[in-house]
Each structure stands twice: as structure tokens, then as C-alpha cells.
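The primary structure of each chain is shown beneath.
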Amino acid sequence: MTAASTTLDPAVYADWLMRLGDNTLILGHRLSEWCGHSPVLEEDIAMANTALDLIGQTQLWLGLAGEVEGKGRTADNLAYLRDASRFRNVLLLERPNGDFGQTLMRQFLFDAFHLELLKSLQTSGDPRVAEIAGKAIKEVAYHLERSADLVIRLGDGTEESHSRMQTALDDLWPYVGEFFVSDDIDKAVADAGIGPDPADLKAAWRQTVDEVLRAATLNVPGEGYVHKGGKRGIHTEHLGFILAEMQFLQRAYPGATW
Amino acid sequence: MQVALDTVWDWLGEVPDPEIPVISLTDLGIIRDVAWDRETLVVTVTPTYSGCPATTLINLEIESALRGHGVEHIRLERQLSPAWTTDWISAEGREKLKAYGIAPPVDGTAADGKTVALAARLLGQGNLVIECPRCGSHETEKVSQFGSTPCKAAYRCKSCLEPFDYFKCI
Ligand SMILES: [Zn+2]
């Protein structure tokens, strides 16, 4: 990426940063729903730890979004006081957890994308973005190693685990296309030298996904319909339920602290 | 009065990490700088993991330790870059971790998310050898990538049969 060549409208820039922070926030929240419910203790702990990393990254991304926006909103304000239509996460991440296989497949498909995105953001023209990416990528490398490892073990496991992983892949595949859809906001950010054109990340993502799914003996579905809209604030009903739980305290007791 | 910076480093070397109290904040390598800005002592701290819940507590402990030594004006600054790495854990810190039952990080083995390497590992090649902190055996196996905290992985010793934490490299 080249250094910032054009100035970016702060509202556009903040919106783009919310895409990063909302992805980590919503996935982090989904993973935290597993706490105390996982099939084995080690996986319960692993998911809670992954959620913790993602929530930590959310604080950094949404903190920067608030700073760029310049209206005095903090990361907490953005997480707890925005309505669903203001959220910018991709639809895949608000999918209900389903079974353990669905959760893991969603994690793997996103981790593989997340790593490529962060790799690219490490050379962002805005040093604030580059340093958050440099921090987060170390954590995400471990997320990807774990999710890829488990996708392979379960895909290439028993008949039951194989069929659940294939079902999960088939169900979630129509949502992955949204990662790579570029819109005006992505273009403005790319022109300013701050972030990549998402379409450019697809080849590397696909290579990782193909390699792992092949080892997992799973069949990669063909290109088909792409569910999208999350990046523009058009969400499925699932997000509303997440926010009802996540935002309850701040909505019921505004400004509550402890 | 501006206390000598070496003295301040010594003080910080006595502040225990809240999660692993046998090592100090300086052993952990998270204190990146100490400097005087006129009458204010500025301590620059880097987080271990972005979501580390101990970060707030660590800042509080730094502040109360310094106040305890009579420093009146303190400013804590967060530094993200360069990102913290386990390479910064001191040699002394590593010995203390081991004595405490946590296998210290093996430098240069951080995850890079390369799934080719992963596939090789699943085939039994390039396995990382982690020494059991209790009996010293090399016959150990990973139970989970994530242990009691994000910074650790869960391992098991096949010789003495004890489970242990490995402070993984990042
Ligand atoms: Zn042992």
C-alpha cells in the first residue's frame, strides 16, 4: 500500500473502522455464548480465550473509530449504544452458533480471512491502524491454527463428525462472499492508502481454505448466491437478539459503571 | 524531586504480575520506558494480549507501587507498537516461570497462521518439544492451543503424567 494520498472523510473512515471492530465484537460475543456449554473443557477455555482476544481487539478498533469520528464517542459507547442498523459486521458472524461444528467452521472461514486482512493492514498508511493490526495478527495466527486444526480433525474424523462439518460448510458458504465485496467505503479507504481492496484478499484466503478443507476431506461448494448487507447495516434478525442481550445493561441503566 | 530512573526500574522490578505473581512486570518485559517529564514520572506499558483483563490491574499496581515510594505525579502511557513478544521475558523470568510449573516460551516458534506448516505438524513433523517443568521430560504433548489464559497452552507430560501450562511464544 502506498502512503495516504487523499484525505478521507472522517465519517467514512470511522464507518470502515467500525466494520473491523464490529466483526471482532460480534464474533467475540457469539463465542462467549459457549462459555460453560462446550463439549469438552479444553474447548470451552479455548473459545473463551479466543473471545477475549477478539473483544480486546474490538476495544482498539472501536476506540480508534471514536477518535477518528471526533464526536467524543468511546469504544463502549459504540458497542453498547448503537442500534442494529448502525452495526457493520459481516452477516456470517451473527449466524447463531449451531452445533460445535458450525461454530468451528464459521471461526475457520473467518480466521483465514482475518489473517489476510490484518497482514495487509500491517502496512497501512495510517500508523494507528498498522500498530493495531501488528498486535492483533499475533493473536489471530493462533486462532487460525486452532480452528484449522480442528476442522481437519473433525472433517477427517468419524462419519458423524465428517457429515456435521460438511453440513456446516454448505450452510455457511453463501456468507463468505461478503468478505470480498468492495463498496464505495472500501474504495475510499483503499485510495487513501489505509486499507486493502477486499477483493484483493480473496486469492490468498481461498488458498488457505482449499488446503485445509482438502486435508479435512470436505467438498468445497461452488460459487453461488452471496448473502450480504451487513457492512452497510442491513442485518438478519439474529443481530437484534445479540444486541438485546449485549446492550441490556447500558440500555436499562444508562451510564452504569462498576 | 526526580528519583534516578534506575531506582524506578528497581521499584517496578518488585511489582508482581497479577496473573503469575512469581514474575515481576519487568521480568515480563511489558514496561517499555520510564522517563521524567518535568515533575511527572511517565511509565510506558505495552499490553501482552489485546484482551488481557489484567491490563487495568497492572496499571493500578504500577501507580500504587510508585505512590508508595513517594512519587506524586505519574502518567501511564500505552504503547502498542512494537507489539509485545515473549522474547522480552527476561532470562531470570524464564527460570522463575519454570520453577513455578509453567514451561517458558521457546523463542522463534510463534504461530504465523501458515496452514502448510500446520499440515506438516499434524503428520508428526516439526513438532515443538516442550520440556516438562516438573520432571524435565521431553515426552510431552499439547492438549489445547489455549490454556488457563490466552498467553498459555495446555500440555501434558507423558512421563510424570502431570498437566502443565506452556507460556506460548508470540
Ligand atoms: Zn513431567
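Coordinates for the structure precede this section.
These numbers were taken from a predicted model, which means no experiment stands behind them. (Residues numbered from 1 in each chain as written. Chains lettered and ligands numbered in written order. Predicted model: local features only at pLDDT ≥ 70, side-chain atom pairs only at ≥ 80, totals over all residues. Heavy atoms only, no water.)

**Quick word on the pattern of salt bridges**
Enumeration according to the criterion identifies 28 salt bridges over all chains in this entry. Linking Asp183(A) and Arg19(A) is a salt bridge whose minimum nitrogen-to-oxygen distance equals 2.6 Å. Of this pair, Asp183(A) sits in the loop between helix 6 (159-176) and helix 7 (184-191) while Arg19(A) sits in helix 1 (residues 10-32); the two residues are 164 residues apart in sequence, bridging distant segments of the chain. The two residues Asp183(A) and Arg19(A) agree in class, both being buried. Here Asp165(B) and Lys152(B) are joined by a salt bridge, their closest N and O atoms 3.9 Å apart. On the criterion of sequence distance, the pair formed by Asp165(B) in strand 7 (residues 163-167) and Lys152(B) in strand 6 (residues 152-157) is long-range, its members being 13 residues apart. Lys152(B) sits in the buried class, given a relative accessible area of 5%. Taken together, the shared-partner salt bridges in this structure form one network comprising Arg19(A), Asp183(A), Asp186(A) and Lys231(A). (Salt bridge = Lys/Arg side-chain N within 4 Å of Asp/Glu carboxyl O. Helix = DSSP H or I, 4+ residues; strand = E, 2+ residues; numbered from the N terminus. Buried < 20%, exposed > 50% of the residue type's maximum accessible area, 1.4 Å probe, protein only.)

**Thoughts on the environment of Gly136(B)**
Residue and element names in this part refer to chain B. Mapping glycine 136 onto the fold places it in the loop between helix 5 (115-122) and strand 5 (140-144). Its relative accessible area of 32% is what places glycine 136 among the partly exposed residues. Distance from glycine 136 to lysine 158, taken between C-alpha atoms, is 11 Å for residues 22 residues apart in sequence.

**Some remarks on the packing of helix 1 of chain A against helix 7 of chain A**
All names here are of chain A. In the contact formed by helix 1 and helix 7, the axes pass within 10 Å of each other and the chain directions differ by 105 degrees. Between helix 1 and helix 7, the angle is such that the two are roughly perpendicular. Facing Val12, Asp15, Trp16 and Arg19 of helix 1, the residues of helix 7 in contact are Ile185, Asp186, Ala188 and Val189. Split by residue class, the contact of helix 1 with helix 7 holds five nonpolar, no polar and three charged. (Axes fitted to C-alpha atoms, helices over the stretch in contact; angles between N-to-C directions. Parallel < 35°, antiparallel > 145°, perpendicular 65-115°, else oblique. Contact = heavy atoms within 4.5 Å. Nonpolar A, V, L, I, M, F, W, Y, C, P; charged D, E, K, R; others polar.)

**What to know about a nonpolar patch on the surface**
Together, Phe248(A), Leu249(A), Tyr253(A) and Trp258(A) make up an exposed nonpolar region whose accessible area comes to about 570 Å². If you trace the backbone, Tyr253(A) turns up in the segment after helix 10 (248-252). (Patch = residues over 30% accessible without salt bridge, like charges linked within 9 Å, V, L, I, M, F, W, Y side chains within 5 Å. Areas by Shrake-Rupley, 256 points an atom, 1.4 Å probe, with all protein chains shown as cover.)

**Considerations on the nonpolar core**
Proteins that are soluble and globular tend to have nonpolar side chains buried together. If you look at the biggest cluster of nonpolar residues, it comprises 122 residues, and the most contacted ones within it are Trp16(A), Leu17(A), Met105(A), Phe108(A), Leu109(A), Trp205(A) and Leu66(B). Ranked by the residues each element gives to this core, the list is headed by helix 5 (residues 127-155) of chain A, at 13 residues. Among the domains, domain 1 (5-78) and domain 2 (86-167) of chain B are the pair contributing at least three residues each to this core. (Core = buried A, V, L, I, M, F, W, Y, C linked by side-chain atoms within 4.5 Å. Domains from an automatic or database assignment.)

**Focus on the sheet that holds strand 1 (residues 31-37) of chain B**
Residue and element names in this part refer to chain B. Strand order across the open sheet formed by three strands is 1-2-3, with mixed pairing between neighbours. Each of the sheet's edge strands pairs with one partner strand only, and the pair in question is strand 1 and strand 3 (73-78). Across this sheet, the average inter-strand angle for adjacent strands is 20 degrees, counted without regard to direction. Bridge count between strand 1 and strand 2 (residues 40-45): six bridges; the pairing is antiparallel. Its bridge partner lying in strand 2, isoleucine 31 is registered against valine 45. Taken strand by strand, helix 3 (residues 55-68) contacts strand 1, strand 2 and strand 3, and its axis lies near 155 degrees from that of strand 3. (Pairing = 2+ DSSP bridges.)

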